[in-house]
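Residue strings, one per chain:
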Protein chains: 8
Amino acid sequence: MNQELLSKLLADVKEGRLGVDQALEQLRDFGSKDLGYATIDTHRELRTGYPEVIFGQGKTPEQVAGIIEFMLTRKNNILATRITEDTYLKVKELCPDVVYNPIARTLTVKRKETSIPQSFISIITAGTSDLPVAEEAAVTAEIFGNRVERVVDVGVAGIHRLYGKLSLIRQARVHVVVAGMEGALPSILGGLVDKPVIAVPTSVGYGANFGGLSALLGMLTSCASGISVVNIDNGFGAGYLASMINRL
Amino acid sequence: MNQELLSKLLADVKEGRLGVDQALEQLRDFGSKDLGYATIDTHRELRTGYPEVIFGQGKTPEQVAGIIEFMLTRKNNILATRITEDTYLKVKELCPDVVYNPIARTLTVKRKETSIPQSFISIITAGTSDLPVAEEAAVTAEIFGNRVERVVDVGVAGIHRLYGKLSLIRQARVHVVVAGMEGALPSILGGLVDKPVIAVPTSVGYGANFGGLSALLGMLTSCASGISVVNIDNGFGAGYLASMINRL
Amino acid sequence: MNQELLSKLLADVKEGRLGVDQALEQLRDFGSKDLGYATIDTHRELRTGYPEVIFGQGKTPEQVAGIIEFMLTRKNNILATRITEDTYLKVKELCPDVVYNPIARTLTVKRKETSIPQSFISIITAGTSDLPVAEEAAVTAEIFGNRVERVVDVGVAGIHRLYGKLSLIRQARVHVVVAGMEGALPSILGGLVDKPVIAVPTSVGYGANFGGLSALLGMLTSCASGISVVNIDNGFGAGYLASMINRL
Amino acid sequence: MNQELLSKLLADVKEGRLGVDQALEQLRDFGSKDLGYATIDTHRELRTGYPEVIFGQGKTPEQVAGIIEFMLTRKNNILATRITEDTYLKVKELCPDVVYNPIARTLTVKRKETSIPQSFISIITAGTSDLPVAEEAAVTAEIFGNRVERVVDVGVAGIHRLYGKLSLIRQARVHVVVAGMEGALPSILGGLVDKPVIAVPTSVGYGANFGGLSALLGMLTSCASGISVVNIDNGFGAGYLASMINRL
Amino acid sequence: MNQELLSKLLADVKEGRLGVDQALEQLRDFGSKDLGYATIDTHRELRTGYPEVIFGQGKTPEQVAGIIEFMLTRKNNILATRITEDTYLKVKELCPDVVYNPIARTLTVKRKETSIPQSFISIITAGTSDLPVAEEAAVTAEIFGNRVERVVDVGVAGIHRLYGKLSLIRQARVHVVVAGMEGALPSILGGLVDKPVIAVPTSVGYGANFGGLSALLGMLTSCASGISVVNIDNGFGAGYLASMINRL
Amino acid sequence: MNQELLSKLLADVKEGRLGVDQALEQLRDFGSKDLGYATIDTHRELRTGYPEVIFGQGKTPEQVAGIIEFMLTRKNNILATRITEDTYLKVKELCPDVVYNPIARTLTVKRKETSIPQSFISIITAGTSDLPVAEEAAVTAEIFGNRVERVVDVGVAGIHRLYGKLSLIRQARVHVVVAGMEGALPSILGGLVDKPVIAVPTSVGYGANFGGLSALLGMLTSCASGISVVNIDNGFGAGYLASMINRL
Amino acid sequence: MNQELLSKLLADVKEGRLGVDQALEQLRDFGSKDLGYATIDTHRELRTGYPEVIFGQGKTPEQVAGIIEFMLTRKNNILATRITEDTYLKVKELCPDVVYNPIARTLTVKRKETSIPQSFISIITAGTSDLPVAEEAAVTAEIFGNRVERVVDVGVAGIHRLYGKLSLIRQARVHVVVAGMEGALPSILGGLVDKPVIAVPTSVGYGANFGGLSALLGMLTSCASGISVVNIDNGFGAGYLASMINRL
Amino acid sequence: MNQELLSKLLADVKEGRLGVDQALEQLRDFGSKDLGYATIDTHRELRTGYPEVIFGQGKTPEQVAGIIEFMLTRKNNILATRITEDTYLKVKELCPDVVYNPIARTLTVKRKETSIPQSFISIITAGTSDLPVAEEAAVTAEIFGNRVERVVDVGVAGIHRLYGKLSLIRQARVHVVVAGMEGALPSILGGLVDKPVIAVPTSVGYGANFGGLSALLGMLTSCASGISVVNIDNGFGAGYLASMINRL
């Protein structure tokens, strides 16, 4: 519930247009919808500027479909991540224009146009195997109203490949850098640009990679400045934050 | 073997109603039943107030069925956790009224009525994906004779959802809070209530979640007071302890 | 701010006894006191039944003294944990009747009497080296109005020592069990009693103890029921929770 | 070496104003100064918008003083972090107006004015013990030309303290949230604001905190969006990134 | 190659019955058989008193069969561990009397009688789920010529079950104790017996068990004496060592 | 881009044979080929002496085939690692003479002859289960122009098997030692030879092996000298480095 | 309380020589002495064949002295481990013939002769830095009545040093092998002897040694048989177990 | 004992110049010197080409001095690492020309000239704080007869500093790269050179560095080829191996 609505409610109480009990009632229920298995945060957009996003992992196809069914009543754009093909097919039954991106494993439904800033987000991957995470970031940034430039497979073992794309990259307002293994690409890039770098470690690798731990620790302890880190394989989180910064 | 029986046995020895050898014999065998692959603790209820519960993981359907077959001779209510559908079908052959809860993955057999206190247990989940663990806790608490109120999907990313349910929650005598990812919900709730909070970390999440480690460590290091923690995904343990506290 | 005060405030607004701006002001500041380096939670007692406790680690003697100076104006009993002797001497200057327990490393100031229930808390240690943590639990439970029975050095390597104290222990309403090394004592006790067991792992040990990790993991994975765990060396947390349960 | 200079150099070569060997020479040496024990990055400001910062840990007082001595010839503002008092006294000999902040453990030298944007950065701590890390962030942000608002000790165990400051916090353009123990504060705040949250885990805590690991993992796996994380106790990194975002 | 054979070889060289080159040859090849994918240690029995045992994990059925085919030429008893049913069927083709134990996942071939000492080995499990590991230990001890007594499911949550079997257990010359979860059983037993205890942690459990880590650390940090530990799930290693001690 | 080409380019600029814009263009694009999902490093051979190698894990069959299709235009020998049979069949369609080694899981295409030095590489495994990793090392070393001698299954439990092969091993110019479990073989060998030892930990084992961690830590902390370590299961890395040293 | 005493007590009850209440009293108190800060296990020797040993770490000099004062009334030999010089001096005041071994950090008091078997224990160290742990093992074995042979600094980097001592080592009945770093020595020795090997990892090393973890994991995953492991730096535990085996 | 000596010994036995018992005696004692607390490996140089090196950590000054005293009788050059100033002063008493390098913490004694190859070793550090480890590598390489070129403080945050030194670096025959924090420098360099890279992680850093773990994992999982890794802070190991490769 935002500042404006709260003032109005208090004014209504003062003017006698609203009883104290009614006000308490409104303050309790405003802002969420209870589906039994989920409590949807219906005023997140008012509060944070973005509608709620569905995290598909651990939810049944029926649960995801049920949540989307409710959200469709709100006319917002919808984003769901970590979605299997089963869930996609279930959702398609009730919303034929849902879009499934099998690389990013995302569902999107477009219901309104969003203004798109002039500035753009660069999304850079160290290797081909990092593509699914990068694509999740890109889909997220795009549905929230951003232009994205993708730069693929420019990891540090052949660092001249990065230099070849540097003049494009430097025009972005914020950078998302996706890397597995030793996760060194954000450190290099961080020393070459003057905009924020969002580092996304991936679980790409084996052995001492320990499920993405090596990239995660490398990015956290980076000797370059202007870098921050999101969870392993969290393309969504990076795309969301990049959108937030790009649209400041 | 409880205090009363021990006194009687010693008295019997003293009065000559029982030989020393017979007494030794009774002291050895009393309290357990040997099935070859399992040694059932038959006097746990006398000792701890609760009958033995079957932990299904790592046991074959035949072993679970065998244990239940013996326990049915005792007229106690029966609870088995971590049960697959195969095992359920095996048990159903010998006990047609067994109840299988596929979300909680529990088997229950009701053989006697338990008194139910006026007070109740609140079981709260941070997200929809935490439901199976919460349901295991609820089934456990209910079979041991407790009323349960479920509050679902009120995690800290939209904390007003919790506030909306707070007046209900505050009426409970003990709280079970089930959360994955960063596991912050018990900390928030612990600062808002005056009753014990049992925190259950879940393995819901990915990456730096490391199988529930992030939620576990977060709950253990909580800056709020009145919180204690059970094992990752241990809905049973939380439901059992909540029952113990609710029935004090 | 509790329910009662909130109703009165809304009623005052309705009746015109309070302007909307004034109401907003009260809602902002009520409940905490800003000292610059600390924001004291002044209505925790209303909310959780217990006044705020000072965690001394990482605070300078001046900061601890400043917080206590403010709290003394409130006439509550005061508890501070993880206190060095330096801090004690600093606090003593402004509050001569402060009590320092050098084993528990606690400061206490008694300003009002608390009712003490008939039931008591048992605090049990596996070894002599676990005493400081146990004593922190005991001081905490006592200042919050509880009777405590201490049972010392009855670890599982000579488990008959525990049996010798079992009839006393079984009369308690809740048990705090403090153990380092493999932390097995709560498992044993949990199988012998019908009341909640709060397990406190300690950092006592060496090598594969890894700073208390062995005891922590052992307690979390206990095969006994009715056990929950607090942080390593967290005597305060166990004493606080035990008080909460004992006073239910 | 930036784009402009590179074009000029190539043009000079083309026009014969510069020989090929001379051009090679310039391309090799431009941009760094070799002190024997350190190679100072002299064109970082051109490249990233910020001059090089000195990381004091592991450097002798003589080494830090030597680096600062050279940097003073450049007329930039100077920032050094993780500085002991010994090093401060050594530097003071050659630069009497150096400022030492003993809480933040920073050295600063002001040599030129920086434009300061209208927008500001909020720096929020969960507890009093998190102050040194927060202060490092604040000093960093200020020397780079930003206005900072500090909000202290509003951790989740008494979350109303945060709400009391929320209207101030919501006016900031970017948030730095500093927390130890379970590190839950960024998750809560992230659900309440529409600007980027930079989370800084601290090593404040004990036991299962494992030197800041609990807070770090909690922040990485946060269920709120718009959050990214820097290294444990890395106040500098957070202040630097916040400055970068605030000055976009 | 043992002492006796070495003396003879040197004597043969001295007496001229063996050339220097021939001696070098014998010293190189004696004691192993090269199969291309495996180098069988053919004089392990002379050196350590036990023939080589086949560790099946990571070997193809063909490789296991090939190794057994060679070993059959030696008239020793044969033991293979971590064997799948596929491998068993492959081996059965060339050795129809091979015995497969599907619980222990072992293959055994009996080719000679071994003397069996009067004393016996007790093999004790904490739970039913620990049976496969215990059975691997039992099969190992038996093929190497030992009498085994099995005690099943006497874990610490109902410790009276252990007491019921204690007089039998105390007659053993060495104890193998198999336990998952918190792994406390060896600590208890170690305080009750005067013979060596070989502790085998198992991966039985979930969550903070971390694949057997909790039991492993608990056993290593046991406060009882006379206990040593083998690898997680290493029933073979425990049975082998118990045989070595029982046959001293 | 190497020194020679850079000089020529600058000279061309100077002489007016090349415009500044054209030079910038060449400097940007030289050295890589963009396939959309991959950016192939086309001048790695000039820079490091070896053509790029394809890491198959996480790439689709189509992606691997696409990369190989491009590389075939370059007339280099091709090596791809971590290749499934599906990918092999896909590649075979466009390159019928590709060779698949199912143990090493490698693809190789031979397009030119490489000089082979007189000296050779020894590749030694501790056990039969380490063969796939060793074979990956061998295939790598061979495609890059080296002679390899394989010594199999000579682990430390029967260390005389190693001694039997020592005179052969000592003739190698560099050693690759592949071992799982405790990973002790490199330590032993390192004390017996005067050439570099490249240690490759494998994930062979179970329990406290923790996916190769035990072998990795053992090799890193080896008390022998002349040993360095590559990632767990990284046969390719070891073969590549061995080739580099053998061809010095 | 042993079998014999228990029979007598029951017989006394039967014959009326002992009342039921008196019997209960004896059963409660027999076997331990309560000192307030410690509960001494006074019938451990009857139960396990060895008197209680004092673990000095975490105990004050006064506490250790108090425990020893009581134990001196029992005429047993006394062993205390992890003892600082302060504690030694305190104990010397009340027991002038106490012996302090500053390398092993042990206190011993000899009060009765123990029979010493013909067979002996070999205690072997990989390096000079492992001596303190080995000496703790040796002191322990000797006070419990065993002959010890020490073999020093024969680690695997120069494995011929071990071979030089092998004929002596092979005459022992049980081996204690103490090693830090990669901890490979037990694996080698285990393949060369036919008696049990007790492996003791030490915290000697740095970096990836992680406080003894590398040696611990290496020993647990050893490919040799007949090896078991005690805690890092646990010389006492190894000496105790070796005594138990040597005296079988 | 080398091949040549062994042949002679066998020939002497054959010819009767040596009795069998005498031969056994020589085979036992040849190659090591027993000092009681250390067993010096006196024929390591024959076997591996390098004399034994003293690892000072965990040894008393007297022990180090005693070992050096014996080694001085052998006329070899001597190297001791991890040496405190106390030990240096103790050794200086018996060997006045010993050289102490306080940064590298090494002792060296020069007793004979070593041939020095034309080729050289580059030793490169990422930061100033990595100097002590790099210097240990340099001293090691130099005492074993190598020319070293040092390149300091060229970490990836300002990667142009590395490029400025690249033409020098590329002339080396082998590279030692020393880096803490994220340890990315070896990955970058590995993609730019055609010679082996020995990566040395250092414990420089804080927080998620976890004592060097971040750099270690980063180097192990490097996406560049031709890289191998030694233990954290193991400058000696890197210098030794570099010498071995440089002198091939």
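Here is a short report on the structure shown in this document. Predicted model, so just to flag it, every value in this text is computed and none were measured.

Focus: the relation of the copies chain H and chain F
Right, on to step 1. Once chain H has been moved 0.0 Å along the axis and rotated by 180 degrees, it coincides with chain F to within an RMSD of 0.1 Å. Such values leave the two copies arranged in the relation of a two-fold axis. Closest approach to the rotation axis among the C-alpha atoms of chain H is made by valine 229 of chain H, whose C-alpha sits 2.5 Å away.
Right, on to step 2. Both copies present the same face, since 100% of the interface residues in chain H are matched by interface residues at the equivalent positions in chain F.

Description of the interface of chain H and chain F
Accessible area lost on assembly of the parts is the figure often given for the size of an interface.
Right, on to step 1. With 28 residues of chain H at the contact, the number on the chain F side is 28 residues.
Right, on to step 2. Buried area between chain H and chain F, summed over both chains or domains, comes out near 2500 Å², and the portion from carbon and sulfur atoms is 64%.
Right, on to step 3. The largest share of the area that chain H buries against chain F comes from Arg47, Leu220 and Leu248 of chain H, three residues that together contribute 23% of it.
Right, on to step 4. Counting every contact that joins chain H to chain F gives 0 salt bridges.
Right, on to step 5. The interface formed by chain H and chain F contains 2 residue pairs in polar contact (both at pLDDT 80 or more).
Right, on to step 6. At the level of secondary structure, the elements contributing two or more residues to the side of chain H that touches chain F comprise helix 3 (44–48), helix 10 (213–220), strand 11 (227–229) and helix 11 (235–246) of chain H.
Right, on to step 7. In terms of residue count, the dominant contributor to the side of chain H that touches chain F is helix 11 of chain H (5 residues).

Structural notes on the environment of isoleucine 68 of chain A
All names here are of chain A.
Right, on to step 1. Assignment of secondary structure puts isoleucine 68 in helix 4 (residues 61–72).
Right, on to step 2. Exposure remark for isoleucine 68: the relative accessible area of 0% places this residue in the buried category.
Right, on to step 3. With 134 residues separating them in the primary sequence, isoleucine 68 and threonine 202 have C-alpha atoms 28 Å apart.
Right, on to step 4. Beyond its immediate sequence surroundings of up to four residues, isoleucine 68 is in contact with Ile54, Ile78, Val91, Leu94 and Leu107.

What about the interface of chain F and chain D?
Right, on to step 1. Of the residues lining the interface, 6 residues belong to chain F; the matching set on chain D comes to 5 residues.
Right, on to step 2. In total, about 870 Å² of surface goes out of reach between chain F and chain D, with carbon and sulfur atoms giving 81% of it.
Right, on to step 3. Linking chain F with chain D are 0 salt bridges.
Right, on to step 4. At the junction of chain F with chain D, the criterion picks out 0 residue pairs in polar contact (both at pLDDT 80 or more).
Right, on to step 5. For the side of chain F that touches chain D, the secondary structure elements donating two or more residues are helix 1 (3–14) and helix 2 (20–29) of chain F.
Right, on to step 6. Counting residues per element, the side of chain F that touches chain D draws most heavily on helix 1 of chain F, at 4 residues.
Right, on to step 7. Per-class residue counts for the side of chain F that touches chain D are 5 nonpolar, no polar and 1 charged.

A few points about unusual backbone geometry
With the exception of glycine, most residues fall at negative phi, and the peptide bonds are largely trans.
Right, on to step 1. One non-glycine residue, arginine 105 of chain A, lies in positive phi territory at about 55 degrees.
Right, on to step 2. Within the secondary structure, arginine 105 of chain A is located in the loop between strand 5 (99–101) and strand 6 (106–109).

Section: the state of the cysteines
Right, on to step 1. Inspection of the entire model under this criterion finds 0 disulfides over all chains.
Right, on to step 2. Lacking any disulfide linkage, cysteine 223 of chain G is separated from the closest cysteine sulfur, that of cysteine 223 of chain F, by 16 Å.

Some thoughts on the packing of aromatic side chains
Right, on to step 1. If you walk through the whole model with that rule in mind, you get 36 aromatic pairs over all chains.
Right, on to step 2. In textbook terms, an aromatic cluster arises when at least three aromatic residues are bridged by ring pairs, as seen for Phe144, Phe236 and Tyr240 of chain A.
Right, on to step 3. Positioned above the aromatic ring of tyrosine 206 of chain E, the side-chain terminus of arginine 82 of chain B is 3.8 Å from the ring centre.

Thoughts on the arrangement of the chains
Right, on to step 1. With no contact between them, chain B and chain H keep their nearest C-alpha atoms 13 Å apart.
Right, on to step 2. Between chain C and chain H there is no contact; the minimum C-alpha to C-alpha separation amounts to 14 Å.

Concerning the pattern of salt bridges
Right, on to step 1. Under the defined criterion, the tally for this structure stands at 76 salt bridges over all chains.
Right, on to step 2. A salt bridge links arginine 147 of chain D to glutamate 149 of chain D; its shortest N-O distance comes to 3.6 Å.
Right, on to step 3. On the basis of relative accessibility, which here comes to 38%, the residue arginine 147 of chain D falls in the partly exposed class.
Right, on to step 4. You can call glutamate 149 of chain D partly exposed: its relative accessible area is 26%.
Right, on to step 5. Across the pair arginine 111 of chain E and aspartate 97 of chain E runs a salt bridge, and its minimum N-O distance is 2.7 Å. With arginine 111 of chain E in the loop between strand 6 (106–109) and strand 7 (120–125) and aspartate 97 of chain E in the loop between helix 5 (85–94) and strand 5 (99–101), this residue pair connects regions lying 14 residues apart in the sequence.
Right, on to step 6. Looking at arginine 111 of chain E, the relative accessible area reads 36%, which means it is partly exposed.

Some points on the side chain of histidine 175 of chain C
Residues and elements named next belong to chain C.
Right, on to step 1. Structurally, histidine 175 is set in strand 9 (residues 174–179).
Right, on to step 2. Owing to a relative accessible area of 1%, histidine 175 belongs among the buried residues under this scheme.
Right, on to step 3. Polar contacts involving the side chain of histidine 175 include one to the side chain of serine 122, which spans 2.8 Å.
Right, on to step 4. Not counting residues up to four positions away in its chain, the partners in contact with histidine 175 are Ser122, Ile169, Leu189, Val193, Lys195, Pro196, Val197 and Ile198.

Parameters and conventions
Residues numbered from 1 in each chain as written. Chains lettered and ligands numbered in written order. Predicted model: local features only at pLDDT ≥ 70, side-chain atom pairs only at ≥ 80, totals over all residues. Heavy atoms only, no water. Least-squares fit on C-alpha atoms with pLDDT ≥ 70 in both. Contact = heavy atoms within 4.5 Å. Buried area = accessible area lost by both parts, 1.4 Å probe. Salt bridge = Lys/Arg side-chain N within 4 Å of Asp/Glu carboxyl O. Polar contact = N/O pair within 3.5 Å; in protein donor to acceptor, adjacent residues only side chain to side chain. Helix = DSSP H or I, 4+ residues; strand = E, 2+ residues; numbered from the N terminus. Buried < 20%, exposed > 50% of the residue type's maximum accessible area, 1.4 Å probe, protein only. Nonpolar A, V, L, I, M, F, W, Y, C, P; charged D, E, K, R; others polar. Disulfide = S-S within 2.5 Å. Phe/Tyr/Trp six-rings, centres within 6.5 Å; stacked < 30°, edge-to-face > 60°. Lys NZ or Arg CZ within 6 Å of the ring centre and 35° of its normal.

Take it as geometry only, folks, not as evidence of what the structure does.
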